[in-house]
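Each chain is listed here by its residues.
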Amino acid sequence: QVQLVESGGGLVQAGGSLRLSCAASGRTFISSYPMGWFRQAPGKEREFVARINWSGSSTYYADSVKGRFTISRDNAKNTVYLQMNSLKPEDTAVYYCAADSRRQYGLAVGAYDYWGQGTQVTVSS
């Protein structure tokens, strides 16, 4: 079992930055799992934001965040990060981290089998 806990969300003005963290705990370490960040705005479906492979050597981003967000990980700390720069009001959402223990390397919600509870990010204009 893997427990994921996100933190770092909050209220920020447009153009600002936030750094989200996702700490994993439990009997399994996430160091061998691809990890992802997703977000869900009110009234919308949960959408893919970014993905990182087990070692951190490969990343992939949604077009909407490419060049502004950076996903990274520290396997020694069992933690994944999402650095968000140049934030826009349309980035407002609950952000979730997720673990892909089956190593599907997909972009869909169904490719990930462990989820955190989410952290709210609100960007004011």
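The coordinates are above.
Quantities reported herein were computed from a predicted structural model and do not represent experimental measurements.

K.L.:
Where do I start with the packing of aromatic side chains in this structure?
P.N.:
Where two aromatic rings form a pair, the distance of their centres and the angle of their planes describe that pair. On inspection of all chains with the given rule, the structure shows 5 aromatic pairs. On the basis of an interplanar angle of 80° and a centroid distance of 5.8 Å, the ring pair of F38 and F48 is categorised as edge-to-face. Of the two residues, F38 is situated in strand β4 (residues 35–40) and F48 in strand β5 (residues 47–52); the sequence distance between them amounts to 10 residues. The structure contains a cluster of three or more aromatic residues connected by ring pairs, namely F38, F48, Y60, Y112 and W115. Above the plane of the ring of W115 lies R46, whose end atom (NZ or CZ) is 4.9 Å from the centre.

K.L.:
Looking at this structure, I do not really get the pattern of salt bridges. What am I missing?
P.N.:
If the charged atoms of two oppositely charged side chains come close together, the side chains can form a pair. Enumeration over the complete set of coordinates arrives at 5 salt bridges. The partner of E47 in a salt bridge is R39, and the shortest N-O contact between them spans 2.6 Å. Here E47 falls in the partly exposed class, since its relative accessible area comes to 34%. In this structure, R68 engages D91 in a salt bridge whose closest nitrogen and oxygen atoms are separated by 2.7 Å.

K.L.:
Would you mind going over the state of the cysteines with me for this structure?
P.N.:
Joining two cysteines, a disulfide is a covalent bond between their sulfur atoms. Following the criterion strictly, the structure yields 1 disulfide and no others. Between the sulfur atoms of C22 and its disulfide partner C97 the distance amounts to 1.9 Å. The S-S bond linking C22 to C97 shows a torsion near 50°; that makes this disulfide right-handed. Residue C22 is found in strand β3 (residues 18–26), and its partner C97 is found in strand β9 (residues 93–99); the two are separated by 75 residues along the sequence. The same class applies to C22 and to C97, which are both buried.

K.L.:
Just checking my understanding: could you explain the pairing of β9 for this structure?
P.N.:
Each regular strand shows side chains that alternate between the opposite faces of the sheet. With 6 of 7 residues buried, β9 lies mostly within the body of the structure. Pairing of β4 with β9, which is carried by 6 bridges, proceeds in the antiparallel orientation. Its bridge partner being in β9, W37 is matched across the sheet by C97. Note that β9 and strand β11 (residues 119–124) share 3 bridges and pair antiparallel. Looking at the pairing, V94 lines up with Q120 of β11.

K.L.:
Honestly, the environment of L11 in this entry has me stumped. Any pointers?
P.N.:
You can see L11 is positioned in strand β2 (residues 10–13). For L11, a relative accessible area of 65% corresponds to the exposed category. L11 sits 39 residues away from A50 along the chain, and the two C-alpha atoms are 21 Å apart. Contacts of L11, omitting those with residues within four sequence positions, involve T122 and S124.

K.L.:
Hey, could you run me through the environment of I71 in this one?
P.N.:
Considering the arrangement of structural elements, one finds I71 in strand β7 (residues 69–74). Looking at I71, the relative accessible area reads 4%, which means it is buried. The sequence separation of I71 and Y112 amounts to 41 residues, and the corresponding C-alpha distance is 16 Å. Leave out the neighbours within four places in its chain, and I71 touches M35, W37, A50, R51, I52, T59, Y61, V80, Y81 and L82.

Basis of the calculations
- Residues numbered from 1 in each chain as written.
- Predicted model: local features only at pLDDT ≥ 70, side-chain atom pairs only at ≥ 80, totals over all residues.
- Heavy atoms only, no water.
- Phe/Tyr/Trp six-rings, centres within 6.5 Å; stacked < 30°, edge-to-face > 60°.
- Helix = DSSP H or I, 4+ residues; strand = E, 2+ residues; numbered from the N terminus.
- Lys NZ or Arg CZ within 6 Å of the ring centre and 35° of its normal.
- Salt bridge = Lys/Arg side-chain N within 4 Å of Asp/Glu carboxyl O.
- Buried < 20%, exposed > 50% of the residue type's maximum accessible area, 1.4 Å probe, protein only.
- Disulfide = S-S within 2.5 Å.
- Pairing = 2+ DSSP bridges.
- Contact = heavy atoms within 4.5 Å.

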